Amino acid sequence: MSVPFVRPAKSLTTLEGELNQAWPGRGPDLGFITGYKAADNLTGHNPNEKGICMAFDIGIHATGQGISPAAGRDLAEYLRRDANEKFQYLIHDMGTEAEGVRPKIAGNHTGWKWQPYTGSHPHSDHIHISIVDLYWGDDCGVPADVYDSTSTWGVTQYFPSNHGPVSTPPPPHVEVGWVVKAGDTLSHIANYYGIPGRVNAIAAHNGIHPDRITVGQKIRIPGPLAWNIEPQDTLRTIAAYYGLDPAYLALLNGLSGPDAKILVGKTLVVVK
C-alpha cells in the first residue's frame with residue numbers, strides 16, 4: 001500500500017479520448033481508481049508497482065447527454081469483439097430494457113464469449129475494462145509498451161454518427177481512371193471496380209460507345225465507388241488498388257490519417 005497512484009495507463013486514456021470524440025459532452029465516467037485499498041483486493045483499479053492504474057469504468061447514462069444504455073451495449077460488444085487484444089476482460093449489463101438486468105463478463109478466460117457475471121454489482125451504469133488485475137503495487141506482468149500503448153481502439157471509426165461538427169475541409173473531387181490495355185472491355189473494367197451493372201453508365205460518362213474502346217485510352221470511372229473491407233486490408237492497399245492517395249481516403253471517410261485502423265466487414269467510401 002506504500003505505492004502512490006501516479007496515473008492511468010496511457011492505453012486507457014487513449015480510449016477515454018476516443019470516447020470523448022465519439023460522444024462529445026458525454027456524462028462522467030466512474031473512472032480509473034475505485035478507492036478500494038484493502039490489501040487483499042485484486043482488481044485492475046489498483047495501481048501497479050509504478051503507480052499506474054490498469055482498469056477503467058466507462059460511464060453509461062440512462063438520462064442526460066452521453067453514452068445511452070443501448071449505445072453502451074453496442075460499445076461493450078464492439079470492445080469485446082474488435083478490440084480485445086488491448087485488455088484482459090470487460091463486464092457490462094448486456095440486458096435490454098425489456099430483458100431486465102443481465103450482467104455479463106467476457107475475457108481471455110472465456111475465449112471472449114459472453115458469460116453471466118455473478119458479482120454483486122450489475123454494472124448497468126458502466127463498462128468495466130481491465131488490462132490486468134493485480135494487488136496494490138504488484139508487478140503487473142504486462143509490458144509497458146502494451147498498457148501504455150497509444151494505438152487507436154477504433155472507437156471513433158466504429159461510432160462515427162456521434163461525432164460533433166467536422167472542422168476538416170471536404171475532400172477534393174476525385175475520379176478513378178483506367179488506361180485501356182489489349183484485351184480490355186468495358187465489362188471487364190466494370191467488374192474490376194465491382195460495378196458490373198454500370199457498363200452503360202461508364203460509357204455515357206466518357207461519351208463513348210460501350211463496345212468501342214482503344215488501347216491507351218483513359219476511361220474515367222464515375223462514382224459512387226465503395227470497398228468492403230477484408231482481413232489484411234489497409235487504407236494504403238485500398239488506395240493503391242484504385243490509384244488514389246491514402247490521405248484522400250482517410251479524409252473522405254473521417255479517419256485520422258492514412259494509417260488509421262479500418263474494420264473488417266465495414267464499407268469504405270472510395271468515390272462519392
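If you're wondering where the values come from, they're calculated on a predicted model, not measured in any experiment.

Caption draft 1: Structural context of the overall build of the protein chain. What the protein chain contains, in helices and strands, is eight helices and 11 strands. For the protein chain, whose C-alpha radius of gyration is 24 Å, the value lies well above the compact-globule estimate of 19 Å for 272 residues. Summarising its shape, the C-alpha atoms of the protein chain cover approximately 80 × 40 × 35 Å along the three principal directions. For the protein chain, restricting intrachain contacts to residue pairs at least 6 apart in sequence, the fraction spanning at least 24 positions comes to 65%. By element, 53% of the accessible surface of the protein chain is carried by carbon and sulfur atoms, the whole surface being about 13700 Å². Between the centroid of the 21 positive side chains of the protein chain and the centroid of its 26 negative side chains there is a distance of 8 Å.

Caption draft 2: Molecular detail of helix H6 (residues 199-206). For H6, every residue scored as buried is listed here: Val199, Ile202, Ala203 and Asn206. Each buried residue of H6 sits inside an arc of 100° when the element is viewed along its axis, so together they form one side. Exposed residues on H6 whose side chains face more than 90 degrees from its buried face are Asn200 and Ala204. Buried-residue contacts for H6 involve helix H5 (186-192) and strand S9 (218-221). Gly207 sits one or two positions beyond H6 and adopts a positive phi of about 65°.

Rules used in this analysis
Residues numbered from 1 in each chain as written. Predicted model: local features only at pLDDT ≥ 70, side-chain atom pairs only at ≥ 80, totals over all residues. Heavy atoms only, no water. Helix = DSSP H or I, 4+ residues; strand = E, 2+ residues; numbered from the N terminus. Rg over C-alpha atoms; globule rule 2.2 N^0.38 Å. Contact = heavy atoms within 4.5 Å. Areas by Shrake-Rupley, 256 points an atom, 1.4 Å probe, with all protein chains shown as cover. Lys, Arg positive; Asp, Glu negative; His and termini not counted. Charge placed at Lys NZ, Arg CZ, Asp CG, Glu CD. Buried < 20%, exposed > 50% of the residue type's maximum accessible area, 1.4 Å probe, protein only. Arc of directions from axis to C-beta.

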